[in-house]
Every structure is written in C-alpha cells, then in structure tokens.
Amino acid sequence: WLNRITIFDQDGQYVGKWGLPGSGAGQLHGPAGIAFDQNNHMLISENLGHRVQKFTKDGKFLQKWGNKGSGRGEFWNPWGVTVDDHGHVFVADWGNNRVQKFDGDGRYVSTFGHPQSGKGLLHLPSDVAVDVDGRAIGLSGQVGVGDHSVRSGSSRGVSVECQRTGLISCRADLVGVVTNHPAR
C-alpha cells in the first residue's frame, strides 16, 4: 500500500507527494479521508490507524488524536473527515456508527449517531460534510452494506469552501488526494 498524499494545484498540475507507511506520529496507516482547515493544514483520517493526523500542506507533522476504541475521541476505522468554517473537525467513525466532532486542536466536542437504523441514526458512515446551514451530514452505508442514506446533526457551522467528492478535498489553492492502494 502506498500510504501517501499527492498534491495538485487548482489547475490540476502536480505539486508533490509525501507520506511514509507506518503507525508512528507523522506516518500514514490506511489514509481514508482528507480535509483542509482555515490555515491550509491537512487533516487525514486513517481507517487502519484509527486516528486523525494534522499536517502542513508540505507534509510536516503537527499533531494526532484518537486510537482504536468506542469511547469519546476514539475511533474504529474512521473514513471521511471535514472541517467547518469555525474550525470544528467532523470525523465519520465508520465502525462505531457515528460522527464525532472535535475542536481544531483535536479536543472532543460531541457525537451523533449510533449502531441502529431508522430516523436520525447512522449505519457505517463512510463520509461527512457540512452544509450551508451548518449541519453535519453523515453518509451511511457502503455498497452491499447498510441503508445508503444521509443523516444530519447540528454543527453550528457555516459551510465548507468547495465540493468534496470521494477521497479528494480542496481548499484555497490546493487539492489533496489520498493514495492508498497497492504499490505496483
């Protein structure tokens, strides 16, 4: 597995790549989601590392939070990550059937969702976004599993600055792509 981040400018021109596989601080272990905060720092969720790491746009490690578990601030295969205009970080905590909210320094704020189906509940959320009204939206399910639905909870945020699709995130003048497939 490559476990790296590839950077392009807004015109699609290659800027660079960085990342080394591993479970240490600054290493990548199953990068699954990427988002940019207001300072152009990258937040990377790692589904195999059960954590979120923050880097500069050049790949310098800044901080990490989370570990495997089901408590507050713990993750079980987190996938999607996004940041609202207030700097809150939202993580789709796939294995715990929830979305967790953190402040910009990784301190736990709140959670919505749990392992059920039905109105307002999440089942294997694979991604998260913030809409223009500041609501966190969790995408439930995956192909062949779950109910493939969208759930929302209040975030008191405003919006993300650009469309986020799959494993690509953009903000300001950069586009980051998570590259986590077998090396050839």
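Analysis parameters
Residues numbered from 1 in each chain as written. Predicted model: local features only at pLDDT ≥ 70, side-chain atom pairs only at ≥ 80, totals over all residues. Heavy atoms only, no water. Phe/Tyr/Trp six-rings, centres within 6.5 Å; stacked < 30°, edge-to-face > 60°. Helix = DSSP H or I, 4+ residues; strand = E, 2+ residues; numbered from the N terminus. Buried < 20%, exposed > 50% of the residue type's maximum accessible area, 1.4 Å probe, protein only. Core = buried A, V, L, I, M, F, W, Y, C linked by side-chain atoms within 4.5 Å. Pairing = 2+ DSSP bridges. pLDDT = per-residue confidence, 0-100. Contact = heavy atoms within 4.5 Å. Axes fitted to C-alpha atoms, helices over the stretch in contact; angles between N-to-C directions. Polar contact = N/O pair within 3.5 Å; in protein donor to acceptor, adjacent residues only side chain to side chain.

1. Concerning the packing of aromatic side chains
Reasoning step 1: This model, assessed by the stated rule, comprises 6 aromatic pairs.
Reasoning step 2: On the numbers, 6.1 Å between centres and 70 degrees between planes, the contact of Phe55 with Phe61 is edge-to-face.
Reasoning step 3: Taken together, a centroid distance of 5.7 Å and an interplanar angle of 50 degrees make the contact between Trp65 and Phe102 tilted. Here the residue Trp65 occupies a position in strand S6 (residues 61-65), and Phe102 occupies one in strand S9 (residues 98-102), the gap between them amounting to 37 residues. An identical accessibility class is assigned to Trp65 and Phe102; each is buried.

2. Brief notes about the environment of His123
Reasoning step 1: Within the fold, His123 resides in the loop between strand S10 (108-112) and strand S11 (125-130).
Reasoning step 2: Classification of His123 as partly exposed rests on a relative accessible area of 27%.
Reasoning step 3: Spatially, the C-alpha atom of His123 lies 5.1 Å from that of Asn97, the residues being 26 residues apart in sequence.

3. Some thoughts on the nonpolar core
Reasoning step 1: Ala35, Leu43, Val52, Trp65, Phe75, Val81, Val83, Val89, Val91 and Phe102 form the largest nonpolar core, which has 10 residues in total.
Reasoning step 2: Mapped by element, the contributors of at least two residues to this core are strand S7 (78-83) and strand S8 (89-93).
Reasoning step 3: Counting residues in each nonpolar core, the second largest holds 9 residues, with Ile5, Ile34, Phe36 and Met42 among its members.

4. Focus on the pairing of strand S1 (residues 4-9)
Reasoning step 1: For S1 and strand S2 (residues 14-18), the ladder comprises 4 bridges, and the chain directions are antiparallel. Across the sheet, the residue bridging to Ile7 is Gly16, located in S2.
Reasoning step 2: Linking S1 to S2, which pair antiparallel, is a turn of 4 residues; within it Gly12 sits at a positive phi near 85 degrees.

5. Details of the confidence of the model for the chain
Reasoning step 1: On average, residues of the chain score 75 in pLDDT, and 70% of them reach the 70 mark or higher.
Reasoning step 2: With pLDDT under 50 throughout, residues 142-184 is counted as low confidence; its partners more than four residues away or in other chains account for 144 contacts.

6. Considering the sheet that holds strand S5 (residues 51-55)
Reasoning step 1: Across the sheet, which stays open at both edges, the 4 strands sit in the order S3-S4-S5-S6 with antiparallel pairing between neighbours. The strands lining the two open edges of the sheet, one partner per strand, are strand S3 (31-36) and S6. When the angles between neighbouring strand axes are averaged without regard to direction, this sheet yields 20 degrees.

7. What to know about the side chain of Asn97
Reasoning step 1: With respect to the helices and strands, Asn97 occurs in the loop between S8 and S9.
Reasoning step 2: Here the side chain of Asn97 touches Leu124 through a polar contact of 2.7 Å, landing on its backbone nitrogen.

8. Let's talk about unusual backbone geometry
Reasoning step 1: You will see that Asn77, though not glycine, has its phi angle at about 55 degrees, which is positive.
Reasoning step 2: Relative to the helices and strands, Asn77 resides in the loop between S6 and S7.

9. Here we look at the pairing of S8
Reasoning step 1: Among the 5 residues that make up S8, 5 are buried, leaving the element largely enclosed by the rest of the structure.
Reasoning step 2: Neither face of S8 is open: one carries Val89, Val91 and Asp93, the other Phe90 and Ala92, and all of them are buried.
Reasoning step 3: For S7 and S8, the ladder comprises 4 bridges, and the chain directions are antiparallel. When the bridges of S8 are listed, Thr82 appears paired with Phe90.
Reasoning step 4: Here S7 hands over to S8 after 5 residues, with Gly87 in that stretch at a positive phi of 90 degrees.
Reasoning step 5: With 5 bridges joining them, S8 and S9 adopt antiparallel strand pairing. Bridge pairing in S9 links Asp93 to Arg98.
Reasoning step 6: In sequence, S8 turns back onto S9 through a hairpin of 4 residues, with Asn97 there showing a positive phi of about 55 degrees.

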